[in-house]
Amino acid sequence: MPNIDLIDSFADDLTSIRRDLHAHPEIGFEEHRTSGIVAEKLAQWGIEVHRGLGGTGVVGVLKGKGDSGRRIGLRADMDALPMEEHTNLSWRSTVPGRFHGCGHDGHTTMLLGTARYLAQTRNFDGTVAFIFQPAEEGLGGARAMLKDGLFEKFPVDEVYGLHNDPDLDLGQVSVFPGASMAGADFFDITIKGYGSHGAMPHNARDPVVIAMTLGQALQTIVSRNVHPLKSAVLSITQIHAGAAYNVVPGEAKLAGTVRAFDDGVRQLVRKRMRAIAAGMAAAFEVEIEVDIRDIFSVLVNHEEPAHAVAEVARGVVGGDNVITSPRPRMGSEDFADMLQAVPGAYFWVGHGGSVPLHNPGYIFDDKMLPVGASLFSRLIETRMPLAQA
Ligand code: NI
């Protein structure tokens, strides 16, 4: 059982929708045009539309033919990245500094394709909530929807989401139970030293030297404190200080991200970061402020829903194309928060692109649109089957 024929028959429409969204990218919480198009399409297909959840979020509700109380949520993210696109595609971004470099335009379109097919066929017994989420790229769109009562207003028994993957081949699916994507903190560290002439550093408490020392010391957390069989990443991605050749600045800032798959490891890293900074502050007689913010939860797939995705995928893309060996990723994904509220699973679907996600040359392969829509649709028909007449 490959793609669903009906979905294949409107694949060209999906490609047009996707390329239009691609040409008009909007970043987190600014998805006004995108969510407008989503709402308009859903309404056009006879789906009940609710707007404004978590700002620009949209939820479509569709009942199947049966009258069971079963309910399943399907989620897609809608936001682009604040970066330039460097491709020569005729549908490339028309907005400077905005680019669908993670393929969320494709995710939105695949969920629209699913909605169109299910609205036309309704061969399922229960209710589907199509969840179009804003601001996945580190701005907390999932949490914003949850805070606005997503699952109180639209309760579901299970929820599913997917991401495109240029590292897999077209038609390959990866899904497995357990921790699948890392939790992430973002941090800012401010070293409040004392400035002086660059030629007279003895008059300063030099925050630049302290920043370099602290940056090195923080690297010992992963190498010396985290259990060798557990994993964590601590990356300092920004260092800011100074503006002149002959001035020791008064302040230096470090910023970056921490990733781990285990909440205990996350706690340990935060504790050690604060302790090392406090020790460094005492040693160098300065003040060091440490601000660590929990941005993404660890994404944990639930056992049974993950197996269900694999089973459905075997039917759509063939058993050889379904990878169920654990391949946890250090990247993060805010669908994790939805999975903490409701059981479900998150899976990866391959495509013909080979440029990495978030690279300025990233290309989304439209051939995967009917694949993703078929997977979502079969998931609904399989998890909420119509009773045989
Ligand atoms: Ni993404």
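For the structure, see preceding data.
No experiment lies behind these values; they were computed from the predicted model shown.

Caption draft 1: Geometry of helix α2 (residues 11-23). With 13 residues, α2 should reach 18 Å at 1.5 Å per residue; the first-to-last C-alpha distance of 18 Å fits that figure. Buried within α2 are the following residues: Ala11, Leu14, Thr15, Ile17, Arg18, Leu21, His22 and Ala23. Residues of α2 that are buried in the fold lie against α1 (5-9), α3 (32-44), α4 (104-121) and α11 (369-383).

Caption draft 2: Quick look at helix α7 (residues 207-225). Taking 1.5 Å per residue, 19 residues should reach 27 Å; α7 reaches 25 Å between its end C-alpha atoms and fits that length. Considered for burial, the residues of α7 that qualify are Pro207, Ile210, Ala211, Leu214, Gly215, Ala217, Leu218 and Ile221. Each element contacted by the buried residues of α7 is listed here: β8 (183-192), β10 (232-241), β11 (247-248), β12 (251-260), α8 (263-284) and β13 (287-296). A distance of 2.8 Å separates the backbone nitrogen of Val208 from a side-chain oxygen at the start of α7, and that oxygen is part of Asp206.

Caption draft 3: Broad picture of the coordination of the nickel ion. Cys102 (SG), His104 (NE2) and His163 (NE2) make up the full set of protein donors to the nickel ion, lying at 2.1 to 2.2 Å. For the nickel ion, the donor residues sit on a single chain with the sequence spacing C-x1-H-x58-H. In this pair, His104 is assigned in helix α4 and His163 in strand β5 (residues 158-165), connecting sequence segments 59 residues apart. Taking relative accessible area as the criterion, His163 reaches 4% and is therefore assigned buried.

Caption draft 4: Structural detail: unusual backbone geometry. For Arg122, which is not glycine, the phi dihedral falls at a positive 50°. Even without being a glycine, His358 presents a positive backbone phi close to 70°. Considering the arrangement of structural elements, one finds His358 in the loop between β16 (344-350) and α11.

Cut-off values and rules
- Residue positions are counted from 1 within each chain, in the order its sequence is given.
- The predicted nature of this model means local features are confined to residues of pLDDT at least 70 and side-chain atom pairs, given and counted, to a pLDDT of 80 or more, with totals for whole chains, interfaces and linings taken over all residues.
- With hydrogens and water set aside, each side-chain value is computed from the structure's full complement of heavy atoms.
- Secondary structure elements are defined from DSSP: runs of H or I of at least 4 residues count as helices, runs of E of at least 2 residues count as strands, and each element is numbered from the N terminus.
- One less than the residue count of a helix, multiplied by 1.5 Å, gives the span that helix is expected to have.
- Burial classes follow relative accessibility: with a 1.4 Å probe on protein chains only, a residue under 20% of its type's maximum area counts as buried, one over 50% as exposed, and anything between as partly exposed.
- Residues are treated as being in contact if the distance between any of their heavy atoms lies within 4.5 Å.
- Under this definition, polar contacts are N or O atom pairs within 3.5 Å; protein pairs additionally need one hydrogen-donor-capable and one acceptor-capable atom, and for neighbouring residues in sequence, both atoms have to be side-chain atoms.
- Coordination partners: N, O, S within 2.8 Å of the metal, 3.2 Å for Na, K and Ca; water not considered, so apparent gaps in a site are possible.

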